[in-house]
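A closer look at the structure
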Amino acid sequence: MKNIYVLVKFKLNNENLIEDWKKMSDEITEDLKKVEWFIFRDSAVDKEWYVYCIVKWESAEHQKTFEKHFHEVFLKENPEVMDEFARLWNMETMKKEYLEVL
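Residues numbered from 1 in each chain as written. Predicted model: local features only at pLDDT ≥ 70, side-chain atom pairs only at ≥ 80, totals over all residues. Heavy atoms only, no water.

A few points about the layout of surface pockets
Vacant regions in the atomic arrangement are exposed by a probe of water-molecule size rolled over the atoms. Space inside the largest pocket adds up to approximately 830 Å³. Residue assignment for the lining of the largest pocket shows that the elements contributing at least two residues are β1 (4-12), α1 (18-32), β3 (50-57), α2 (60-77), α3 (79-88) and β4 (89-100). Per-element tally for the lining of the largest pocket: the top contributor is α2, with 7 residues. Looking at the lining of the largest pocket, its residues break down into 20 nonpolar, 3 polar and 6 charged. (1 Å grid on protein atoms, 1.4 Å probe; cavity = no way out; pocket = protein on both sides within 12 Å on 5 of 7 lines; lining within 4 Å. Points joined across faces, edges and corners; volume = space filled by probe spheres on them. Helix = DSSP H or I, 4+ residues; strand = E, 2+ residues; numbered from the N terminus. Nonpolar A, V, L, I, M, F, W, Y, C, P; charged D, E, K, R; others polar.)

Focus on the packing of aromatic side chains
Note on aromatic pairs: each is described by the distance of the centres and the angle between the planes. Counted by the stated rule, this structure contains 8 aromatic pairs. When the centroid spacing of 4.8 Å and the interplanar angle of 20° are considered together, the rings of Phe-85 and Trp-89 count as stacked. Taken together, the ring pairs in this structure connect Phe-38, Trp-57, Phe-66, Phe-70 and Phe-74 into an aromatic cluster. Sitting over the ring of Tyr-50, Lys-9 keeps its end group 4.7 Å from the ring centre. (Phe/Tyr/Trp six-rings, centres within 6.5 Å; stacked < 30°, edge-to-face > 60°. Lys NZ or Arg CZ within 6 Å of the ring centre and 35° of its normal.)

A closer look at the side chain of Ser-59
Assignment of secondary structure puts Ser-59 in the loop between β3 and α2. A relative accessible area of 0% means that Ser-59 is categorised as buried. In terms of polar contacts, Ser-59 uses its side chain to reach the side chain of Glu-61, at 3.3 Å. Not counting the four nearest positions on each side in its chain, Ser-59 is found in contact with Met-1, Lys-2, Asn-3 and Ile-4. (Buried < 20%, exposed > 50% of the residue type's maximum accessible area, 1.4 Å probe, protein only. Polar contact = N/O pair within 3.5 Å; in protein donor to acceptor, adjacent residues only side chain to side chain. Contact = heavy atoms within 4.5 Å.)

Spelled out as structure tokens, the structure:
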């Protein structure tokens, strides 16, 4: 199985939210460290307040399993998380790419 990177890009609703995003980003990383197939996550922000997150997984299958659980279980049990995501970033700007390690 080949490792996979997931690259997520979105724009913060405004520059005053950067500290809130940093806190949330750290919490996301700590939560992901508890997932068996997770390898690495980091994020950065550019001058236009676009955030880029990269997450490395052991395989595409593992990433898909996690994403399915996240959407079908975690978000349903914790709807306030989506409210916080929407407060921080413009959901319409979110783009996701899946990149397989060669």
